[in-house]
Amino acid sequence: MSPQTLPTGSTTLGPESPLLLGSASPRRRDILAGLGIPLLIRPSHIDEVVLPGEVPDAYLERIVEAKLEATLQSHGWGDAACALSADTVVLLDNEVLGKPADIADAIGLLTRLCGRVHVVKTRYALRSARGVHRARTIKSEVSLRSASTEEIERYARTGEGLDKAGAYAAQGIGAFLVQSIQGSYTNVVGLPACEVIRDLCELGLLPDFPAPAKGRTSSPSF
C-alpha cells in the first residue's frame, strides 16, 4: 500500500483499527492511552526551526501539517482509522520558547518564566481514513510563581525539563512552580484531550465513547 492510499478497513477506532500517532511525545501517548484510544505510534522527523518572520500560529500550522504528511509518507496508513499529529509551543511576549539546549539554558528559560504569565498553544491535526481533515489550535495561560535562584537551579538540574518547551513539566516535579492554569490542563501537557475526543466523536471515529467497563451491567448506586 502506498503512503497516500487510504485503507479500506474499519472507519472507527478500535483494537484492529488504531489511531496512527505521528509523535514521539510520551505525554501525548499517555494522554491518549489514558482515554482508552488504541494507538499505533509512528513518529515523524522534520526540521522544526522557526522561519524568519514566522508568527507562532503560522509556525504551528506549518509544522503540524508537515508532521502529518511525513508520518503518512514514511509509514503509510497500515490498518489505522485515523492519523494525528501535534505540536506544542510556549510563548512569552509572543516569542516562541523552545526546548533548552542544556541545564544552563533551562535555568535561563525558567528565570524568564517564573513570576510571569505565559501562553501555551498546542495545535493538532486529524485525518480520517475517509480523507476527512480537521485541525485546531488550543490556547492555555499558565502562571508560574516567583522562585528563588536556588529553586530554579535545583529544578533545572533534575533534568525533567530538558526535553520540554519552556523547560518545565506541569505534570511532574515542575508542578511546584505552577500557580494557575487558565484553559485546558492537558493542552499544557501536550494535547487537549477534550477537543481531540470531541473531534473524534464528531468525525464518527468514536461512536460509543466512553464505553462502559467490561462486565459492568448496572448503574452505580448513590
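Residues numbered from 1 in each chain as written. Predicted model: local features only at pLDDT ≥ 70, side-chain atom pairs only at ≥ 80, totals over all residues. Heavy atoms only, no water.

Participant: What is the right way to look at the environment of Asp47 in this model?
Facilitator: Mapping Asp47 onto the fold places it in the loop between β2 (39-41) and α2 (56-75). Given a relative accessible area of 58%, Asp47 falls into the exposed group. Separated by 20 residues in the primary sequence, Asp47 and Lys67 place their C-alpha atoms 9.6 Å from one another. Reaching out from Asp47, the side chain makes a polar contact with the backbone nitrogen of Val49 at a distance of 3.0 Å. (Helix = DSSP H or I, 4+ residues; strand = E, 2+ residues; numbered from the N terminus. Buried < 20%, exposed > 50% of the residue type's maximum accessible area, 1.4 Å probe, protein only. Polar contact = N/O pair within 3.5 Å; in protein donor to acceptor, adjacent residues only side chain to side chain.)

Participant: In this structure, what is going on with the packing of aromatic side chains? I would like to understand it.
Facilitator: Ring pairs (aromatic) are described by centroid distance and by the angle formed between their planes. Within the structure shown, the criterion is met by one aromatic pair. A ring pair is formed by Tyr155 and Phe176, whose centres lie 5.8 Å apart and whose planes are at 65 degrees; its orientation type is edge-to-face. On the criterion of sequence distance, the pair formed by Tyr155 in helix α4 (residues 149-157) and Phe176 in the loop between α4 and β7 (178-182) is long-range, its members being 21 residues apart. Since its relative accessible area comes to 3%, Tyr155 is described here as buried. Residue Phe176 is classed as partly exposed on the basis of its relative accessible area of 34%. (Phe/Tyr/Trp six-rings, centres within 6.5 Å; stacked < 30°, edge-to-face > 60°.)

Participant: I would appreciate a short explanation of the pattern of salt bridges in the present structure.
Facilitator: Any two side chains of opposite charge can pair, so long as their charged atoms come close to each other. Applying the stated criterion across every chain, the model contains 16 salt bridges. Two residues, Arg127 and Glu69, come together in a salt bridge whose shortest N-O distance is 2.7 Å. Pair noted here: Arg127 is in strand β5 (residues 117-128) and Glu69 is in helix α2, with a separation of 58 residues, a long-range link. The buried category is assigned to Arg127, whose relative accessible area is 15%. Between Glu95 and Arg112 there is a salt bridge, with the nearest N and O atoms lying 2.9 Å from each other. One end of the pair, Glu95, is in strand β4 (residues 95-97); the other, Arg112, is in helix α3 (residues 103-113), with 17 residues separating them in the sequence. Salt bridges here are not isolated pairs; linked through shared partners, they connect Arg134, Arg136, Asp199 and Glu202. (Salt bridge = Lys/Arg side-chain N within 4 Å of Asp/Glu carboxyl O.)

Participant: Looking at this structure, I do not really get the side chain of Glu195. What am I missing?
Facilitator: Position of Glu195 among the secondary structure elements: in helix α6 (residues 193-202). Buried Glu195, no salt bridge; nearest opposite-charge side chain is Arg198, N-O distance 5.6 Å. In this structure, Glu195 is in contact with Tyr124, Arg136 and Ile138, ignoring residues within four places of it in sequence. (Lys, Arg positive; Asp, Glu negative; His and termini not counted. Contact = heavy atoms within 4.5 Å.)

Participant: How should α2 be read in this particular structure?
Facilitator: At 3.6 residues per turn, the α-helix brings residues three or four places apart onto the same side. Look at α2: 28 Å from first C-alpha to last across 20 residues, which is about the 28 Å you get at 1.5 Å a residue. Turning to α2, its buried residues number three or more, namely Pro56, Tyr59, Leu60, Ile63, Val64, Lys67, Leu68, Ala70, Thr71 and Leu72. Residues of α2 that are buried sit in contact with β1 (19-21), β3 (82-92), β4, β5 and β6 (133-144). Within two residues after α2, Gly76 carries a phi angle of roughly 75 degrees, on the positive side. (Expected span 1.5 Å × (residues − 1).)

Participant: Quick question: what am I supposed to make of the nonpolar core here?
Facilitator: The tendency in soluble globular proteins is for nonpolar side chains to be buried side by side. Core analysis: the biggest nonpolar cluster contains 22 residues, and Leu13, Leu84, Leu191 and Leu200 have the highest contact counts within it. Contributing elements (two or more residues each) for this core: β1, α1 (26-34), β3, β5 and α6. Broken down by element, the residue count for this core peaks at four residues, all from α6. In contact with Leu200, not counting residues within four places along its chain, are Leu13, Cys82, Leu126, Leu205 and Leu206. (Core = buried A, V, L, I, M, F, W, Y, C linked by side-chain atoms within 4.5 Å.)

Participant: Help me understand the packing of α3 against α4 in this model?
Facilitator: To describe two helices that pack against each other, one gives the angle between their axes and the distance between the axes. Two numbers describe how α3 lies on α4: the axes approach to 9 Å, and their chain directions differ by 135 degrees. Between α3 and α4, the interaxial angle falls into the category oblique. α4 is crossed by α3, and the crossing has right-handed handedness. From α3, Ile103, Ala106, Ile107, Leu110 and Thr111 reach across to α4, where they touch Ile152, Glu153, Tyr155, Ala156 and Arg157. Looking at the contact of α3 with α4 residue by residue, the classes come out as seven nonpolar, one polar and two charged. (Axes fitted to C-alpha atoms, helices over the stretch in contact; angles between N-to-C directions. Parallel < 35°, antiparallel > 145°, perpendicular 65-115°, else oblique. Left-handed = near helix turned anticlockwise from the far one by under 90°. Nonpolar A, V, L, I, M, F, W, Y, C, P; charged D, E, K, R; others polar.)

Participant: Before we go on, may I ask you to explain α3 in this structure?
Facilitator: Buried residues of α3: Ala106, Leu109, Leu110 and Leu113, and no others. Projection of α3 onto a plane perpendicular to its axis shows the buried side chains occupying an angular sector of 95 degrees, all on one side. If you follow the buried residues of α3, they end up packed against β3, β4, β5, β6 and α4. Capping of α3 at its N-terminal end is provided by Asp102; its side-chain oxygen lies 3.3 Å from the backbone amide nitrogen of Ala104. (Arc of directions from axis to C-beta.)

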